[in-house]
Amino acid sequence: MSPVPSVMHGPERAGPVVWTGIIGATCLLLLVVKQMLWLALPFILGAVLYYILLGPMQRMVRAGFSRNAAALWVCALFFAIASLALAAAMTWSDGPEEDSWEATISLYLDGGVAFVRNSMALLEAKFPILAEMRLTSIVNMAFTNYTNDFAQNHLGEIVVGIVTWVPSLLLAPFLTFFLLRDGVRFKKFLARAVPNAYFERALYLLHEVDQTARRYFEGLLKLTVLDTLVLALGLWVIGVSSPLLLGLISAVLAWVPFVGSIAGCVLVVIVASTDAPGNPLMAYGAIGVFVLVRLLDDFLFMPLTLGRSLHIHPLVTVLMIFAGGILAGVVGLMLVLPLLGVVMVIGETLGTLVTSPRLRARHRYARALRTRQASVDLDIARERRGAPTPNAGK
Amino acid sequence: MRSRIIKQTTHRTTLEHYVIFRFLKPPRMSPRLHRLKSSSLFAALTPLELKIVDGLLHERRYLKDEIVFDEGEEGQALYLLMSGRVRISRLHEGMTQVVAELEPGGFFGDLALLDNSPRNAQARAMEPCEVAVFFRADFLGLMETDAVLGYKISLALARHIGLRLREWMGTGRPQLEAL
């Protein structure tokens, strides 16, 4: 019965075997995510919304509301406010508009194409070698081929994609609601399955996983707000229409590393070139603003927000982003860092648990106690089978 | 006077019928909440606060002789004894020294709520027991989001540690270093 000095004195650093396991498990999870894309994207959106709404919901619970009512109220209020804000942003657009949305989209696309053609012509005028290469006609031909075959080759895919993804994305609000309502219950459910010997460490593990995900998504939100504000300010200064809405869309697109930034830049340039068709300087200015914001983002905002959230070595981060892109495409790029953060916490904690001889010994001892307790009356029955039954004559 | 009371009661009942006013109604105290309130740690909490704390507690069951935590282990949680008995002991100059034997309503491992220093004693079940576990991160989260609730528990904790200090100074029992 003498207390044994413990072998656990604070968290230990993970070794190369654990780290190999962490990277292997992350890659495996990325492959699984690729196969379950329809669930992965709504889950990301649901998690972002969950961390936004968790604080207000907890305040309502403290005020005496049930978890169910509080989750329902905060979800309903959030989506009502978001819908109103989106409607206001669409209504207050001061850019060029047509009667129908199809015509407006066509107007902006034409503006983008005109900008590319003007730029090609300008380049040919400045550099005669490009004129000799017939750069404008090559680009024009590429555009014509793409637009001619667009309906035949791509429209079907786009329509099927929208039909597939809209119901899937509608899962996000439901996931948010159930995460808010049952998150604590689910955590308790998981903790209940852990043996007593490992219980405190398991609680710590669950807490750390939650904190890692929370830090990542909160960092992502802060980054989005910063990006939106700076980009909106820059676009407003050079005179692009709806700068706040454009800034927000570009900042959300930037959640996907590399690809999202390019898509955001293309969007901004299209709007700028349509706003001022005769003034290509506005579109160039928009590109300049975008590049400036990306530089600020990479060297200032990201280290201040996301960089602090995961505590992963920068080299590992970059390599894993490439691995994520190769294994699971765009979604891999987007998910590799939070997945790595969570798997890292789980791997390091499990490594500590598995390699702790004292905890394993305590678990074996507890199991032996339970086995003994469960079989105590069975042992007596076996003894009775050998001995004469006291009540046999009655 | 009587008719006024009836009128007030009727008015309250009418209000409670509306979902929006349901939060005004104090939650009913279940037997479990009564047991929690009987502990000195949660004695000052209102029924609503008890319900919030209860939502954060984890339940564990231990068999006779099973170890709850070891001396030297990193402490992550406080344990509130709901039933059964627990012995707190520590190794002193190669000998096992019994620090305390706790009854239902008692709590142990409380210093883990304040920091993550190693446990100073071992806790072992003396008979089959049921404990409620209060995880440190949940307590710290509660302090941040609900200062009043956090202050009530902290005050109870400070009083408990002060009591142990006075007992130790009066009797020379080694309770101060333990837990």
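Residues numbered from 1 in each chain as written. Chains lettered and ligands numbered in written order. Predicted model: local features only at pLDDT ≥ 70, side-chain atom pairs only at ≥ 80, totals over all residues.

Counting secondary structure elements, chain B contains five helices and eight strands. When the elements of chain B are put in sequence order from the N terminus, they spell out α-α-α-β-β-β-β-β-β-β-β-α-α. Sequence-distant contacts, at least 24 apart, represent 70% of the contacts inside chain B between residues at least 6 apart. (Helix = DSSP H or I, 4+ residues; strand = E, 2+ residues; numbered from the N terminus. Contact = placed C-beta atoms within 7 Å.)

The helix and strand inventory of chain A stands at 14 helices and zero strands. For chain A, the N- to C-terminal ordering of α and β elements is α-α-α-α-α-α-α-α-α-α-α-α-α-α. Here chain A holds 394 residues, and the buried ones make up 28% of them. (Buried ≥ 20, exposed ≤ 12 C-beta atoms within 10 Å, placed from the backbone.)

What follows concerns the pairing of strand β5 (residues 95–102) of chain B. All names here are of chain B. As judged from the seven bridges shared by strand β4 (residues 86–92) and β5, these two strands associate in the antiparallel manner. Residue S89 lies in a different strand from β5, and its bridge partner there is V98. Remark: two residues form the turn of the hairpin made by β4 and β5, two consecutive strands paired antiparallel; E93 in that turn has positive phi of roughly 50°. (Pairing = 2+ DSSP bridges.)

All names here are of chain B. Read from one edge of the open sheet, four strands run β2-β7-β4-β5, paired in antiparallel fashion. Strand pairing shows two members of the sheet lacking a second neighbour, β2 (67–69) and β5, which therefore form its edges. Taken pair by pair, the neighbouring strands of this sheet meet at an average axis angle of 30°, ignoring direction. (Axes fitted to C-alpha atoms, helices over the stretch in contact; angles between N-to-C directions.)

Take helix α8 (residues 199–238) of chain A next. Under the 1.5 Å per step criterion, the end-to-end length of α8 of chain A is 58 Å for 40 residues, consistent within 8% with the ideal 58 Å. Phi for G239 of chain A, located one or two positions after α8 of chain A, is positive at around 90°. (Expected span 1.5 Å × (residues − 1).)

As a further point, take the nonpolar core. In this structure, Y79, L80, L81, V86, V131 and F134 of chain B are the most contacted members of the largest nonpolar core, which totals 86 residues. For this core, the leading source of residues is helix α13 (residues 314–354) of chain A, giving 15 residues. Residues within four places of L81 of chain B in sequence aside, it is in contact with V86, L102, P104, G105, G106, F107, C129 and V131 of chain B. Counting residues in hydrophobic clusters, the runner-up holds 24 residues, among them L231, V268, I270 and M282 of chain A. (Core = buried A, V, L, I, M, F, W, Y, C linked by C-beta atoms within 7 Å.)

Turning our eyes to something else, we now look at the interface of chain B and chain A. Taken together, the 30 residues of chain B in the interface contact 30 residues of chain A. Looking at the side of chain B that touches chain A, the elements that each hand over two or more residues are α3 (47–54), β1 (58–62), β2, β4 and α4 (136–145) of chain B. A breakdown of the residues in the side of chain B that touches chain A according to their chemical character gives 13 nonpolar, eight polar and nine charged. (Nonpolar A, V, L, I, M, F, W, Y, C, P; charged D, E, K, R; others polar.)

In this section: the pairing of strand β3 (residues 77–83) of chain B. Sheet faces and side chains relate simply in a regular strand, where the side chains alternate between the two faces. Residues and elements named next belong to chain B. Among the seven residues of β3, six are classified as buried, and the element is accordingly described as predominantly covered. Strand direction decides the pairing type here: β3 and strand β8 (residues 129–135), joined by six bridges, are antiparallel. Opposite Y79, over in β8, you have V133 as the bridge partner. Across two bridges, β3 lies against strand β6 (residues 107–108) in antiparallel orientation. The residue of β6 that forms the bridge with Y79 is F108.

Let us now look at the packing of α8 of chain A against α13 of chain A. Residue and element names in this part refer to chain A. Where α8 meets α13, the axes come as close as 9 Å, and the angle between the chain directions of the two elements is 165°. The angle between the axes of α8 and α13 places the two elements in the roughly antiparallel class. Crossing handedness for the pair α8 and α13: right-handed. Across the interface between the two elements, R201, L205, E208, V209, T212, A213 and Y216 from α8 touch L337, P338, G341, V342, V345, I346, T349 and L353 from α13. The residue makeup of the contact of α8 with α13, split by class, is ten nonpolar, three polar and two charged. (Parallel < 35°, antiparallel > 145°, perpendicular 65-115°, else oblique. Left-handed = near helix turned anticlockwise from the far one by under 90°.)

Glancing now at the sheet that holds β3 of chain B. Residue and element names in this part refer to chain B. Judged by pairing direction, the sheet is antiparallel, and its four strands sit side by side in the order β1-β8-β3-β6 without closing on themselves. Each edge of the open sheet is held by one strand with a lone partner, namely β1 and β6. Contacting β3 and β8, α4 crosses the sheet at an angle of about 50° to β8.

Residue and element names in this part refer to chain B. The phi torsion at D65 lies on the positive side, around 80°, for a residue other than glycine. Counting through the fold element by element, D65 comes out in the loop between β1 and β2. Judged by C-beta crowding, with 16 C-beta atoms within 10 Å, D65 ranks as partly exposed. Positive phi, normally seen in glycine, also occurs at E93, with a value near 50°.

Once that is clear, we can look at the confidence of the model for chain B. Summing up the model confidence of chain B, the mean pLDDT is 81 and the portion of residues at 70 or higher is 80%. Here the prediction assigns the complex a pTM of 0.72, and the interface score ipTM is 0.75. (pLDDT = per-residue confidence, 0-100.)

Next up on the list: the confidence of the model for chain A. All names here are of chain A. Overall, the prediction assigns chain A a mean pLDDT of 78, with 84% of residues at 70 or greater. Taken element by element, the predicted model of chain A shows its lowest mean pLDDT in helix α12 (residues 306–310) (62) and its highest in helix α7 (residues 171–192) (89). Long-range and interchain partners of residues 1–10, a stretch whose pLDDT sits below 50, account for 31 contacts in this model, where long-range means more than four residues apart. Every residue in residues 389–394 scores below 50 in pLDDT, and together they form one contact with partners more than four places removed in sequence or on other chains.

Next up on the list: α7 of chain A. At D182 of chain A, α7 of chain A is bent by approximately 60°, the largest bend along its length. Within α7 of chain A, the full set of buried residues consists of T176, F177 and L180 of chain A. (Bend = angle between axes of the 7 residues up to and from the residue.)

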